[in-house]
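# Report on the structure
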Amino acid sequence: MPLGKNLLPDLGYAWRSLRRNPGFAALVLLTLALGIGAATAMFSVVRAVWLRPLPYRDPDRLVVIKSTLRKEGLADSSSAYANIADWRRESHAFSGLVAYDGTQVLIRDGQAEAQQVEVTMIDPGMWDVLGVEPVLGRRFTANEAEHRDGVAVLSYNSWQNRFGGDPGIIGRRLVMDGRPIEVVGIMPRGFFFPVKQTELWVPMSLKSDWDEARLTRGTDSWHVTARLAPGVTLDKAGAELTGIAANLERTYPDVNEGLGVRLVPQTLEFTGRPVRQGLLFLSGAVFALLLIACGNVASLLLVRGTVRQREFAVREAVGASRLRVVRQLLAEAGLLAVVASLLGGGLAEVALRAVRAFGPGDIPRLDEAAVDIGALAFSTMLSLACVVLFSLLPALTTTRATPLAMLRAGRGQSATAGSRRLRSAFVVMEFALAVALLVSSAVFFRSFQRLAEVDSGYHAPHVLLVGFIFPRERHSEGVDRYVSDVLERVRALPGVVAAGFGEEVLFGGVRPRDLVFDGAGAGGRNQVRLPVRFDSVAPDFFQAAGVALRAGRFFTAHDVPGSARVVMVNELLARRLWPGQDPIGRRLQVSEGEAGDNWATVVGVVADLRRQGPDREPVAQGFWPLAQRPESGGSFVIATAGDPTAMAAAVRATVLGVDRTVLVKTPNSLRNLQESLLAGRRFNLGLMGFFAIAAVTLAGVGIFGLMSYSVTLRFPEFGIRLALGAQPQSIVRLVLGEGLRLAGYGIVIGAAGAGVALRGFATLLFNTSTIDPLAFAAGAVVVGGVAVLACYLPARRVLQLNPVSTLQAE
């Protein structure tokens, strides 16, 4: 009979067979669906974030060039434009080499309220390096960049979201920080550079300090992307550029001393090493979960197949061919796999929606993650292979014996030693993988716990941050006067304890600076180049943020232009410049050709701040009074008596009431912003915890199902033991011992596997050993407890066993 004519009857029989065993069918389907769904969702995320090509021409030929500083130990420093220009002129390994720098600006369209926009200032050759052209309009030219024309190219998302996709945007004039610019082009959908938040690209010559920046050497704020020339490898380009950097170091020793270069593929730079490591670890975890699901199903199918061996024998005895039996088992396996795949695809979609909604914002292209058909197909095929193989195995072993022999065989004899060993191996594997996931999760939890306990240096319990950008065209009018007026009104609000201003409270980076400072002894003078951060703050900033004063005094209202120039430093900078000495009264100046290179006297030392996250070491930092070093933006720092977010609306209205031309950002609490720095680790920990719980649950269900079937198969044996005088408790101990022996093997193997796996991801841990005794003990205890419960419940059935009835049934 043709296969097509038998397909529907085989499927119908498979459906009826599964309906007669709803518990088995539901357990298999849910187990497979969980494994398929989790694997598909995770691999879809990996593909979107890591494996999907970047939206540029031949992205694998793009590299990022970073400056390195040997003395300071910095391997990822940004570069100075004069050096970049020499790299471009003297190198032959690149078909294009360009610089760019990102910032935030105020954009005003007509009389509409100003909006904050991420802008990237680029070399006009960037379009050729990336190999992407505008979808509407044109790109700006080198001639326009040279003459500092006000031209800009808009991102597709900004065009749609801010301007409603109006094609008339081409040629429209906007105002960027008080300067008119003309939109000349729109980039294609999906294009981004260097980050997805960028909405506008303008010539680098529009940078406010361009005349100075283009001549600067050493290090500065410029980033570099280059395209390798045909036939040139990354190593060859790196060697050539290293030689050029060495020549520049000899030519300009004062500013380029210790300055080298490092090349990184653009694709790796975009994803970031911590993100890649986290995704790799989670991928391993979810693959282990899929293997546990397949092992669980395999054990269940083996046991069910063993129970059905007499059914197979009867069918052969009444005339059914072996091929017919195999074909019906294939139909049953295919039905299970298809339904499980559909359920798994639905679970993957639900999981991806949750990931997109709650995932951290620092994972690139996470919002693009969608169910990947390839990942779904792979998970489904693996599950199908598992179901088919272990559905057929009992039937194929049955065919070695004659139907009559099988009919005469007792139920307890139908489970071969080989099948028992195979089922035991699956149980050991499941528990080993479950222990490995649980122990790894416990180690990462310990790491996260220690990270959350790190002292950030900010001790005020309730702090509200309200960022703002002052129009640069009005900078001369006095930012400090505006800040003073706002702070005066904010302090008058009910519930405000203290209020101050800080140029950068969190996230601000450092760059090497030449510092000249008083040395030891009378008239001593030293100079050193250090990675350091200087910020302008208003009086009461430290009090409002809860930053401890270690020595000296805070800034006061008397630190104004015309008075003695003063500076405050953190403990790290004080130790670096004046080790073992009192820094109060010492003098310091920043020697970089900046305005304000005059000497400033140290009047105070404050505690170190972990501004860039608890996992980053504090940086050397200095503070200027805002009145003496005005800046065009920053954050109002407001300490409140209660929940700071409850006062957000009132504070924002007060800030806008002073000057409506100032861009005011959405208020947020300092605690929320600090917690956002841990969002990525919290997200990974949550996924790891879910996978670990799912793995332990599946392993427990697997051993429970296996022990239940095993106990049922051995009822005749237990009946004989009881009839010969054995105590029921001894049989319970026998069953428990067999199950716990397998679990013990799994715990030992899993703990060893976790130790090996964690060593490869030690960089993701914070002050936590990969062999954390408490984490390993917790994992073993939890899995051991699950094993005891999963073994004891089936074993209890022996206590209700009637030996006479059992033997009569046989």
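As a starting point, this report considers the structure included with it. (Residues numbered from 1 in each chain as written. Predicted model: local features only at pLDDT ≥ 70, side-chain atom pairs only at ≥ 80, totals over all residues. Heavy atoms only, no water.)

Time to look at the overall build of the protein chain. On a plain count of helices and strands, the protein chain comes out with 26 helices and 23 strands. Counting all 810 residues of the protein chain, 53% fall into the buried class. Of all intrachain contacts in the protein chain linking residues separated by at least 6 positions in sequence, the fraction that spans at least 24 positions is 81%. Accessible area for the protein chain stands at about 35300 Å²; split by element, carbon and sulfur atoms hold 58% of it. (Helix = DSSP H or I, 4+ residues; strand = E, 2+ residues; numbered from the N terminus. Buried < 20%, exposed > 50% of the residue type's maximum accessible area, 1.4 Å probe, protein only. Contact = heavy atoms within 4.5 Å. Areas by Shrake-Rupley, 256 points an atom, 1.4 Å probe, with all protein chains shown as cover.)

Taken as a whole and assessed by the stated rule, the structure comprises 25 salt bridges. Across the pair Arg-172 and Asp-166 runs a salt bridge whose closest N-O atoms are separated by 3.0 Å. Each of Asp-86, Arg-89 and Arg-217 takes part in salt bridges that share partners, so that together they form one network. (Salt bridge = Lys/Arg side-chain N within 4 Å of Asp/Glu carboxyl O.)

What follows is about the packing of aromatic side chains. Taken as a whole and judged by the stated rule, the model has 21 aromatic pairs. Ring geometry for Tyr-81 against Trp-210: centres 5.0 Å apart, planes inclined by 70°, an arrangement best described as edge-to-face. Residue Tyr-81 is found in helix α3 (residues 81-90), and its partner Trp-210 is found in helix α7 (residues 210-213); the two are separated by 129 residues along the sequence. Using a relative accessible area of 10% as the deciding quantity, one classes Tyr-81 as buried. For Trp-210, a relative accessible area of 6% translates into the label buried. Taken together, a centroid distance of 6.0 Å and an interplanar angle of 80° make the contact between Trp-210 and Trp-222 edge-to-face. One end of the pair, Trp-210, is in helix α7; the other, Trp-222, is in the loop between α7 and β10 (223-228), and 12 residues separate them in sequence. Clustering of aromatic rings is evident, with ring pairs tying together Tyr-56, Tyr-100, Trp-127, Phe-140, Phe-191, Phe-192, Phe-193 and Trp-201. Geometry around Tyr-252 places Arg-217 over its ring, the cationic atom sitting 3.8 Å from the centre. Here the guanidinium or amino end of Arg-629 rests over the ring plane of Trp-624, the centre of that ring lying 4.1 Å away. (Phe/Tyr/Trp six-rings, centres within 6.5 Å; stacked < 30°, edge-to-face > 60°. Lys NZ or Arg CZ within 6 Å of the ring centre and 35° of its normal.)

Let's shift gears to the nonpolar core. Formed by 80 residues in total, the largest nonpolar core has its most connected members in Met-42, Val-45, Phe-431 and Phe-691. Contact partners of Phe-691, with chain neighbours within four places excluded, come to Ala-38, Met-42, Leu-282, Ala-285, Val-286, Leu-289 and Leu-437. With 44 residues, the next largest nonpolar core counts Ala-93, Val-117, Ala-226 and Leu-248 among its residues. (Core = buried A, V, L, I, M, F, W, Y, C linked by side-chain atoms within 4.5 Å.)

Tracing the sequence through the fold places Gly-680 in helix α22 (residues 679-713). Exposure remark for Gly-680: the relative accessible area of 13% places this residue in the buried category. As for Gly-680 and Pro-360, which are separated by 320 residues in sequence, their C-alpha atoms are 5.4 Å apart.

Our focus in this paragraph is the packing of helix α17 (residues 479-491) against helix α20 (residues 648-658). One can describe the packing of α17 onto α20 by two numbers: an axis separation of 9 Å at closest approach and a directional angle of 140°. The pairing of α17 with α20 is recorded here as oblique in orientation. Our pair here, α17 against α20, has a crossing hand that is right-handed. Along the contact surface, α17 presents Tyr-482, Asp-485, Val-486, Arg-489 and Val-490, while α20 presents Thr-654, Val-655, Gly-657 and Val-658. (Axes fitted to C-alpha atoms, helices over the stretch in contact; angles between N-to-C directions. Parallel < 35°, antiparallel > 145°, perpendicular 65-115°, else oblique. Left-handed = near helix turned anticlockwise from the far one by under 90°.)

It is worth spelling out helix α8 (residues 234-251) at this point. Helical geometry note: an α-helix holds 3.6 residues per turn, so side chains three or four residues apart project in the same direction. With 18 residues, α8 ought to run about 26 Å at 1.5 Å a step, and its terminal C-alpha atoms sit 26 Å apart, in line with that. What α8 keeps buried is the set Ala-237, Gly-238, Leu-241, Ile-244, Ala-245, Leu-248 and Glu-249. For α8, the buried positions fall inside an angular range of 145° around the axis, keeping them on one side. When the buried face of α8 is taken as reference, the exposed residues oriented beyond 90 degrees from it are Asp-235, Lys-236, Ala-239 and Arg-250. Buried residues along α8 sit against β1 (62-69), α3, β3 (94-108), β10, α9 (253-256) and β11 (259-265). (Expected span 1.5 Å × (residues − 1). Arc of directions from axis to C-beta.)

Our focus in this paragraph is the pairing of strand β20 (residues 620-625). β20 sits mainly inside the fold: six of its six residues count as buried. Here β20 shows a buried face lined by Ala-620, Gly-622 and Trp-624 and a second buried face lined by Gln-621, Phe-623 and Pro-625. The sheet contact formed by strand β17 (residues 566-570) and β20 spans two bridges and is antiparallel. Note that in β20 the partner of Val-569 across the bridge is Gly-622. (Pairing = 2+ DSSP bridges.)

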